[in-house]
Every structure is written in structure tokens, then in C-alpha cells.
Amino acid sequence: MDIENNVVVIIPTYNESKNISILLDLLVNLSIDILIVDDNSPDGTARIVQNFSDNHKSINLIERPEKLGLGSAYRDGFKWAIEQGYKHCIEMDGDFSHTILDLQNMIKFKDEFDLVIGSRYIKGGKTEGWSNGRKLLSMTANKAAKILLGTKVNDMTSGFRIYSRECLEDINYSNTTSNGYSFQIEMTYLSYLKNKSIKEIPITFHERNLGDSKMSKAIVFEAIKYLIFSRFKRDKK
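A. Structural view of helix α1 (residues 20-27). For α1, the complete set of buried residues consists of Ile20, Leu23, Leu24 and Leu27. Buried positions in α1, seen along its axis, are confined to an arc of 100° and lie on one side of it. Where α1 is buried, its residues contact β1 (7-13), β2 (33-38), α2 (45-55), β3 (59-63) and α4 (100-107).

In C-alpha cells form, the structure reads like this:
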């Protein structure tokens, strides 16, 4: 562990063998630690990571027995990071949807805020490679989440973010049950309810060029269910 900066990038992977080598090459130059949480990728992603880990002490690997979901991967990653003593946990995709340049910019704010979110939906943020239909769906979903849950966050579903250790512990991240988009919404909402300081930083989100998208109807449906249930609970109070 890099005791000096106490930052770890957590990257869940499933079949990212086409991307992971290049991404690790870029990340090791940032002087931050890396944790890959792999869900038994049949394409050998974990083997590639292990080979890197043998040569770079900053790279760590958790191998899980099966595909258990994004939220589950981050919960395991957060648990490992907190046990190791890290002060900041970064969520980042393993498919180059998120850029190193944006990561470096977000890190500048890690000590000032409990939660830093890489946002596509504030001034300066954008998406590239998406169809107009997908852009509209994502923007509408985020606006709906913002309104239904009463927060000021514009990109509730962003998977590019930095949590302080104190934030993760205070919101009881381990008690979350969501996985896909709804995991990001749930974590944001819990942070909001605990009055955590949240900063959105504009990013450019790039649609993946290699490998298969992890998006599914089940993930979208889970997010809708979470929003309806959370709004119902809010109205009951």
C-alpha cells in the first residue's frame, strides 16, 4: 500500500481481457494503488491482472467464484480497502469509459469533499459514442432520480467517483443491496441523507470500444424499483 497517498482505485471486471492490460499500464504511472475485483471472467482477465501484480506491488486482485454484480463487487472492494487502511476509494470502469485525465482532475478534490462524482450532466460534462436514444434515456433517468429523491446531484448513476473512508463507514455501505445503476443511486442517496459534502466534476464518458457492454434490462428494472421504493419510504416519513 502507498502509505503516503492512501488512495486505491477499485475496478470490478468481467471479461475485460481486451482492456485491462492497457488500463493497468496507465494507472501504475499515477502512484496510486489498484484493486481489481474479478468475477471469474472466462476470458482470463484475472490471470492478466495476476501477472501484473507479480511485477507491481501497487496492483491487488480479488477473485470471486462467479458473476455477482457491480454493487457486490464494490462492497467487497470497499471492505478490503478499509481493512487495509486506505482513506479514499475510487470507483472506475475497466473499459475506458472513464479517462485518466478526468481521474487526475477528480483526485484534486478528494480531501475537500466526502464524495466526488464524475458527472456527465453538469456544464463541461458529456458522453461520446452513445446514440441519441441512449443519451435521452440516461438523462431522463437521472433527472427522475434527482426529483424523486430530492437531491441536488445531477448524475446519480455515474460509476466514476471517489468516496472518503469516513463517508463509506457513515452511510453503512455494507448494508446496501443494489447492484447496477441502482447501486450508484442508493450510495448517492445515502450520502445525501447523511449530509455528506458532494462535489460533481465534469467528465467525458466514452462508450466502450472493446468487449461487451454489461447493460441489461434487469439492471434498468432494478433501478426503477429502487427509485419507486425509496420515494414511497420518503413520502411515508
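B. Inspection of the side chain of Ser58 at higher detail. Secondary-structure assignment places Ser58 in the loop between α2 and β3. Among the residues examined, Ser58 registers a relative accessible area of 17% and is labelled buried. The residues contacting Ser58, other than those within four sequence positions of it, are Val28, Ile32, Asp33 and Ile34.

C. A look at the nonpolar core. Among the nonpolar cores identified, the biggest contains 28 residues, and Val8, Ile10, Phe78, Leu168 and Met187 are the most heavily contacted of them. Sequence-distant contacts of Leu168, that is, excluding residues within four places in its chain, are made with Phe78, Ile82, Cys89, Tyr163, Tyr173 and Met187. Of all hydrophobic cores here, the second largest spans 25 residues; its members include Leu24, Leu27, Phe160 and Ile201.

D. Region of the structure containing the sheet that holds strand β7 (residues 161-164). Here 7 strands make up an open sheet; going across it, the order is β3-β2-β1-β4-β7-β5-β8 and the pairing mixed. Two strands close off the open sheet at either side, each with one partner strand: β3 and β8 (198-202). Within the sheet, the average angular offset between the axes of one strand and its neighbour, ignoring direction, is 20°. Bridging between β1 and strand β4 (residues 88-91) involves 4 bridges; their strand directions are parallel. Pairing of Ile10 across the sheet is with Glu91, part of β4. Sitting on the sheet, α2 touches β1, β2 and β3, and the angle it makes with β3 is about 150°.

E. Layout of the pattern of salt bridges. In this structure the tally under the stated criterion is 9 salt bridges. For Asp111, the salt bridge goes to Lys110, with nearest N and O atoms at 3.1 Å. Here Lys110 falls in the buried class, since its relative accessible area comes to 14%. Here Asp170 ties to Lys196 by a salt bridge, and the two come within 2.5 Å at their closest N and O atoms. Residue Asp170 is found in helix α6 (residues 165-170), and its partner Lys196 is found in the loop between α7 (181-193) and β8; the two are separated by 26 residues along the sequence. Classification of Asp170 as partly exposed rests on a relative accessible area of 37%.

F. Spotlight on the packing of aromatic side chains. For the structure shown, the criterion picks out 7 aromatic pairs. A ring pair is formed by Tyr74 and Phe78, whose centres lie 5.9 Å apart and whose planes are at 20°; its orientation type is stacked. Separated by 4 residues within a single helix, Tyr74 and Phe78 lie in helix α3 (residues 70-84), roughly one turn from each other. On the basis of relative accessible area, Tyr74 is assigned to the buried category, the value being 0%.

Here is what the cut-offs are and how they apply
- Think of each chain on its own: its residues are numbered from 1, step by step along the sequence as written.
- Selection of residues for local features in this predicted model requires a pLDDT of at least 70, selection of side-chain atom pairs for listing and counting requires 80 or more, and totals for whole chains, interfaces and linings are taken over all residues.
- To obtain the side-chain values, all non-hydrogen atoms of the structure were used and water was disregarded.
- Relative accessible area decides the class of each residue, using a 1.4 Å probe on protein chains only: under 20% of the type maximum gives buried, over 50% gives exposed, and in between gives partly exposed.
- Counting from the N terminus, the helices are DSSP H or I runs at least four residues long and the strands are E runs at least two residues long.
- As used here, the arc belongs to the directions running from the helix axis to the C-beta atoms.
- Residue contacts are defined here by distance: any two heavy atoms, one from each residue, within 4.5 Å place the two residues in contact.
- Residue types Ala, Val, Leu, Ile, Met, Phe, Trp, Tyr and Cys, when buried and joined through side-chain atoms within 4.5 Å, form a set referred to as a nonpolar core.
- Pairing between two strands is assigned when DSSP locates at least 2 bridges connecting them.
- Fitted lines through C-alpha atoms serve as axes, helices being fitted only where they are in contact, and the angles separating the N-to-C directions of these axes extend from 0 to 180 degrees.
- A side-chain nitrogen of Lys or Arg and a carboxyl oxygen of Asp or Glu constitute a salt bridge if their distance falls within 4 Å.
- Stacked, tilted and edge-to-face pairs are distinguished by plane angle, under 30 degrees for stacked and over 60 for edge-to-face with tilted covering the rest, among Phe, Tyr and Trp rings (Trp via its six-membered ring) whose centres lie within 6.5 Å.

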